Amino acid sequence: MRRVTILGATGSIGCNTVSLIAEDPGTYEVVALTGGRNVALLAEQARKLGVGLAVTAHEECHDALKSALAGTGIEVAAGPEALVEAAQRPADWTMSAIVGAAGLAPGLAALAQGGTLALANKESLVCAGPLLMETARAAGARILPVDSEHSGVFQALQGEDVAAVERVVITASGGAFRDWPVERLAMATVAEASSHPNWAMGQRITIDSASLFNKALELIETHQYFGISPERIEAVIHPESLVHALVGFRDGGMIAHLGPPDMRHAIGYALNWPERRAVGVERLDLAKIGSLTFSAPDEGRYPALRLARAVMAAGGLAGAVFNAAKEQALDGFIAGQIGFLDMASIVEDVLAKLAGEGHMGSTITLETVMAADGAARRAASELIDERQG
Ligand code: NDP
Ligand code: MG
């Protein structure tokens, strides 16, 4: 039996992972599941998979989870430290699918116990890429990418020499507002930004897709995970979301990864790697699809991409500051405190302010990352308050 743990089981990636594991009874022993506020779903998943431990991230949800699992013999815990403790329990494969920087400490704990970490939580690579890679190396653990573009690059690189890579191209659907005139973007509502044309995902990443902050995080993720230099990494708008990534080699050839916009492919690939096992996603009918289109992103329309380039050039803790400022600005947008376009300008201002105050230079440890994260959130909140006032 393969021992597996799912961090963020109640989210969009988590539920898809649970369903793939439930489809294969007798193959997996589920060590732990973690969730946040959706205690009813977490309890249902824990019963269905017969897990050892169920953890909610929030202390105030402890009692509700305990009563939902009463009489099952399933161990219950709550709080950020309990998440880390769950991730430390020996497992062969752990899915990292908590949203945001909150996924970093549990992800590091899972790596330190030496198993494979299937990484959906891109924020942890953006905040602390070198720390994650070094923790994996020291523990003899492996990180497999789950983000569809990075899974696509990883698949295109199987059997290839990374030294022969000339460029990596990741695609972007363009999100909810790709057909909107730029003047309308300032007025975009949360409901409008929360509907993705191609992918069904959690609300936060869906809004990040509309602002292209998701693609910005993914440019940095590509740099951190594959060690490809920033000038060799490109993003291209591809509204059909069928080509997820392309790798160009020094002989001029390119290998593209195609698949339906369904995360169960990338999750299944990371679950079964290096094997390929059947996954019940739709098969592409290329003749029916007819054409695939690509265009260059407009950095005037999408300032997030320009900011990602500045973050990669700065290095150090700039990724942690960028991500935390973005998370705080996203909270402000969701709460109706700031407009859609304010998110990028707040992130830009926070980066400039914290660089000026010397917050970005230190070495990357969990402590320095969390300190930079906290400083960036405070700076972003102040700017949100100013703009409201
Ligand atoms: P969701 O918002 O759907 O789910 C997030 C999960 O994290 C839930 O289990 C949630 O619990 C839990 N959670 C929320 N806040 C905290 C916290 N502070 N501490 C611990 N757990 C918390 O997100 P997605 O599944 O969409 O995304 C998960 C990760 O995967 C993100 O990093 C995202 O960028 C990445 N990703 C997602 C893709 C997708 O298709 N959805 C594609 C590629 C990458 P609860 O809901 O119970 O409160
Ligand atoms: Mg992606």
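Below is a summary of the structure that appears in this document. Quantities reported herein were computed from a predicted structural model and do not represent experimental measurements. (Residues numbered from 1 in each chain as written. Chains lettered and ligands numbered in written order. Predicted model: local features only at pLDDT ≥ 70, side-chain atom pairs only at ≥ 80, totals over all residues. Heavy atoms only, no water.)

## Considering the layout of surface pockets
Regions of empty space are outlined by a rolling probe, equal in size to a water molecule, passed over the atoms. The condition that has to hold: Of the grid points, spaced at 1 Å and generated over the protein atoms alone, those admitting a 1.4 Å probe that cannot get out make up cavities, while open sets with protein on both sides within 12 Å along at least five of seven lines make up pockets; any residue with an atom within 4 Å of a point is treated as lining. Grid points are joined across faces, edges and corners, and a volume is the space filled by probe spheres set on the points. Secondary structure elements are taken from DSSP: a helix is a run of H or I of four residues or more, a strand is a run of E of two residues or more, and numbering for both begins at the N terminus. Each residue receives one of three labels: charged for Asp, Glu, Lys and Arg, nonpolar for Ala, Val, Leu, Ile, Met, Phe, Trp, Tyr, Cys and Pro, and polar for the others, Gly being one of them.
The volume enclosed by the second largest pocket comes to roughly 280 Å³. Along its surface, the second largest pocket is lined by 16 residues, and H265, R276, V279, V281 and R283 are the ones closest to its centre. Of the residues forming the lining of the second largest pocket, the biggest block, 4 residues, is contributed by helix α11 (residues 264–272). The class makeup of the residues in the lining of the second largest pocket is 7 nonpolar, 4 polar and 5 charged.

## As for unusual backbone geometry
Quick note on the threshold: Exposure is judged per residue with a 1.4 Å probe applied to protein chains only, and the accessible area is read against the type maximum: over 50% gives exposed, under 20% gives buried, and values in between give partly exposed.
The omega torsion across W273 and P274 is 5°, close enough to zero to call that bond cis. On the secondary structure map, P274 appears in the loop between α11 and α12 (286–289). At L212, a position not held by glycine, the phi torsion is positive, near 65°. Summarising the element assignment, L212 is placed in the loop between α9 (203–211) and α10 (213–226). For L212, a relative accessible area of 2% gives the class buried. Within the chain, S241 stands out as a residue other than glycine whose phi angle is a positive 55°. With respect to the secondary-structure elements, S241 resides in the loop between β9 (233–237) and β10 (243–249).

## Quick word on the coordination of the magnesium ion (ligand 2)
This is how the line gets drawn: With water excluded from the atoms, a metal site may look incomplete; its donors are any N, O or S atoms within 2.8 Å, or within 3.2 Å for Na, K and Ca.
Summarising the metal site, the magnesium ion (ligand 2) is bound by the protein donors D147 (OD), E149 (OE) and E218 (OE), whose distances to it range over 2.1 to 2.2 Å. Spacing between the donor residues of the magnesium ion (ligand 2) along the chain follows D-x1-E-x68-E. Of the two residues, D147 sits in the loop between β7 (142–145) and α7 (148–156) while E218 sits in helix α10, which places them 71 residues apart along the sequence.

## So, the state of the cysteines
Here is the rule: Criterion for a disulfide: a pair of cysteine sulfur atoms at a distance within 2.5 Å.
Considering all chains together, one arrives at 0 disulfides under this definition. Residue C15 stays outside any disulfide, its sulfur separated by 16 Å from that of C61, the closest cysteine. Of the residues examined, C61 reaches a relative accessible area of 10% and is grouped as buried.

## Topic: the packing of helix α6 (residues 122–139) against α10
Short version of the rule: Lines fitted to C-alpha atoms define the axes here, with helix axes fitted over just the stretch in contact, and angles between the N-to-C directions of these axes take values from 0 to 180 degrees. An angle below 35 degrees is treated as roughly parallel, one above 145 as roughly antiparallel, one from 65 to 115 as roughly perpendicular, and anything else as oblique. Take the far helix as the reference: if the near one is turned anticlockwise from it by less than a right angle, the crossing is left-handed, and if turned clockwise, right-handed. Here a residue-residue contact requires only that any non-hydrogen atoms of the pair lie within 4.5 Å.
Look at α6 against α10: their axes get within 8 Å of each other, and the N-to-C directions meet at 15°. Judged by the angle between their axes, α6 and α10 are roughly parallel. Every pair of crossing elements has a handedness; the one defined by α6 and α10 is left-handed. In contact with K122, L125, V126, G129, P130 and M133 of α6, α10 contributes N214, L217, E218, I220, E221, Q224 and Y225. Here the residues of the contact of α6 with α10 are counted per class, giving 7 nonpolar, 3 polar and 3 charged.

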